[in-house]
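# Descriptive structure summary
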Amino acid sequence: MINLTAIVLAGGKSSRMGEDKALIPIQGIPLLPRICNVAKSCTDTIYIVTPWPERYQHLPLPRCEFIQENPSDTQGPLVGFAQGLEKVKTEWVLLLACDLPNLRVEVLQDWVKRLDSVEEENIAYLVKNPQGWEPLCGFYRSRCLPLLLDFINQGGRSFQKWLKQYPVKVLPLSEPDILFNCNTPEDVQQLLVN
Ligand SMILES: Nc1nc2c(ncn2[C@@H]2O[C@H](COP(=O)(O)OP(=O)(O)OP(=O)(O)O)[C@@H](O)[C@H]2O)c(=O)[nH]1
Ligand SMILES: [Mg+2]
């Protein structure tokens with residue numbers, strides 16, 4: 001296996017969903033174990049960053065280790081990522097949101113094969129869309145941690161603003177559907193219909 005660790009973020013407020021997204025079943029499997037199962041195909045080490053690990057204790061999450069954030073002081077995905085990154089010992093990190101029901105093993109494995117071609121100067125390898133980078137389904141070099149901590153310590157909380165400062169390589173995406181983001185009850189409904 002390539003030198004890669006996965007970090008899965010499961011600490012959002014799910015305010016649009018109205019209930020914890022990580023626990024919503026899609027075809028019988030809740031979103032959190034679904035995404036961890038896909039990540040498992042390319043790494044032996046998966047960190048789940050969350051303020052409430054007890055909520056997920058009953059789920060089948062092999063090879064996953066919880067990293068607990070302070071429940072009374074969550075500060076969004078960028079800070080959650082930094083907390084996970086502090087534990088990482090591999091050269092590359094795959095960062096994943098928990099709400100990506102369409103990400104497939106074959107796609108992920110194809111991306112991982114391409115990591116060797118990412119020039120050294122790039123701190124990340126991410127899909128780009130017209131609005132900016134897709135920060136929560138892509139790869140980062142673990143050496144970006146000090147850059148990330150500097151940005152956070154200066155009050156930064158935006159992935160887009162942080163990434164603007166550094167070279168990032170574009171990860172090609174053949175089917176945009178892969179990154180479908182399940183944020184609302186309507187999104188869940190749409191998955192059931194299709
Ligand atoms: N660990 C951690 N994960 C977070 C935090 N904020 C968001 N996330 C995760 O980041 C991913 C993308 O977040 P969103 O889709 O915006 O989810 P959300 O914030 O739960 O949802 P809304 O409240 O509806 O915006 C999801 O996997 C969230 O669980 C945080 O403070 N800590
Ligand atoms: Mg989302």
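Residues numbered from 1 in each chain as written. Chains lettered and ligands numbered in written order. Predicted model: local features only at pLDDT ≥ 70, side-chain atom pairs only at ≥ 80, totals over all residues. Heavy atoms only, no water.

- The protein chain goes by Probable molybdenum cofactor guanylyltransferase in an unreviewed UniProt entry, where it is assigned to Anabaena catenula FACHB-362.
- In UniProt, the protein chain has this text filed under Subcellular location (unreviewed entry): "Cytoplasm".
- Quoted straight from UniProt, the Cofactor (unreviewed entry) entry for the protein chain says "Mg(2+)". (UniProt positions renumbered as here; feature names shortened; annotations may be inferred.)

## A closer look at the coordination of the magnesium ion (ligand 2)
- Of the protein atoms, only Asp99 (OD), Asn181 (OD1) and Asn183 (OD1) coordinate the magnesium ion (ligand 2), at distances of 2.3 Å.
- Ordering the donors of the magnesium ion (ligand 2) by residue number gives the pattern D-x81-N-x1-N.
- Judged by its relative accessible area of 30%, asparagine 181 falls in the partly exposed class. (Donors = N, O, S within 2.8 Å, 3.2 Å for Na, K, Ca; no water. Buried < 20%, exposed > 50% of the residue type's maximum accessible area, 1.4 Å probe, protein only.)

## Quick look at the pattern of salt bridges
- One pass over the structure, following the stated rule, counts eleven salt bridges.
- The residue lysine 21 makes a salt bridge to aspartate 99 at a minimum N-O spacing of 2.9 Å. Taken together, the residues span a long stretch of sequence, with lysine 21 in the loop between strand S1 (4–9) and strand S2 (25–26) and aspartate 99 in the loop between strand S6 (92–97) and helix H3 (105–114) at a distance of 78 residues. Residue lysine 21 shares its accessibility class with aspartate 99, and that shared class is buried.
- A salt bridge links glutamate 120 to arginine 141; its shortest N-O distance comes to 3.9 Å. Residue glutamate 120 is located in the loop between H3 and strand S7 (124–126), and its partner arginine 141 is located in strand S10 (residues 137–141); the two are separated by 21 residues in the primary sequence. (Salt bridge = Lys/Arg side-chain N within 4 Å of Asp/Glu carboxyl O. Helix = DSSP H or I, 4+ residues; strand = E, 2+ residues; numbered from the N terminus.)

## A closer look at the UniProt feature "domain: MobA-like NTP transferase" (unreviewed entry) in the protein chain
- As recorded in UniProt, the sites labelled "domain: MobA-like NTP transferase" (unreviewed entry) are residues 6–163.
- Segment residues 6–163 splits into 27% helix and 23% strand. End C-alpha atoms: 19 Å apart.

## Notes on the packing of aromatic side chains
- According to the stated counting rule, one finds seven aromatic pairs in the structure shown.
- Taking the centre distance of 6.5 Å and the plane angle of 85° together, the rings of tryptophan 111 and phenylalanine 139 count as edge-to-face. Note that tryptophan 111 is positioned in helix H3 and phenylalanine 139 in strand S10, a separation of 28 residues in sequence. You'll find tryptophan 111 and phenylalanine 139 in the same group, each marked buried. (Phe/Tyr/Trp six-rings, centres within 6.5 Å; stacked < 30°, edge-to-face > 60°.)

## Let's talk about the site of ligand 1
- As a matter of local geometry, ligand 1 sits amid 20 residues, with Leu9, Ser14, Ser15, Arg16 and Glu69 nearest to it.
- Between ligand 1 and the protein, one listed contact pairs an oxygen atom with a backbone N or O atom of glycine 12 at 3.0 Å.
- Surface burial for ligand 1 is 86%, taken as the share of its 610 Å² of free accessible area covered by protein chains. (Near = heavy atom within 4 Å. Polar contact = N/O pair within 3.5 Å; in protein donor to acceptor, adjacent residues only side chain to side chain. Areas by Shrake-Rupley, 256 points an atom, 1.4 Å probe, with all protein chains shown as cover.)

## A closer look at the packing of helix H2 (residues 77–85) against helix H4 (residues 145–153)
- At their nearest, the axes of H2 and H4 sit 10 Å apart, and the two run at 140° to each other. Classified by the interaxial angle, the pair formed by H2 and H4 is oblique. Read as a crossing pair, H2 and H4 show a hand that is left-handed. When H2 is examined against H4, the residues Leu78, Val79, Phe81, Ala82 and Leu85 are found in contact with a partner set consisting of Leu145, Leu148, Leu149, Phe151 and Ile152.
- Classifying every residue of the contact of H2 with H4 gives ten nonpolar, no polar and no charged. (Axes fitted to C-alpha atoms, helices over the stretch in contact; angles between N-to-C directions. Parallel < 35°, antiparallel > 145°, perpendicular 65-115°, else oblique. Left-handed = near helix turned anticlockwise from the far one by under 90°. Contact = heavy atoms within 4.5 Å. Nonpolar A, V, L, I, M, F, W, Y, C, P; charged D, E, K, R; others polar.)

## Some thoughts on the sheet that holds S10
- The strand order across the open sheet formed by seven strands is S5-S4-S1-S6-S10-S7-S11, and the pairing between neighbours is mixed. The two strands at the open ends of the sheet, each matched to only one other strand, are strand S5 (64–68) and strand S11 (168–170). If you compare each strand with its neighbour and ignore which way they point, the axes differ by 25° on average.
- Two elements, S1 and strand S4 (residues 46–50), share four bridges in a ladder whose sense is parallel. Paired with alanine 6 across the two strands is isoleucine 46, which belongs to S4. (Pairing = 2+ DSSP bridges.)

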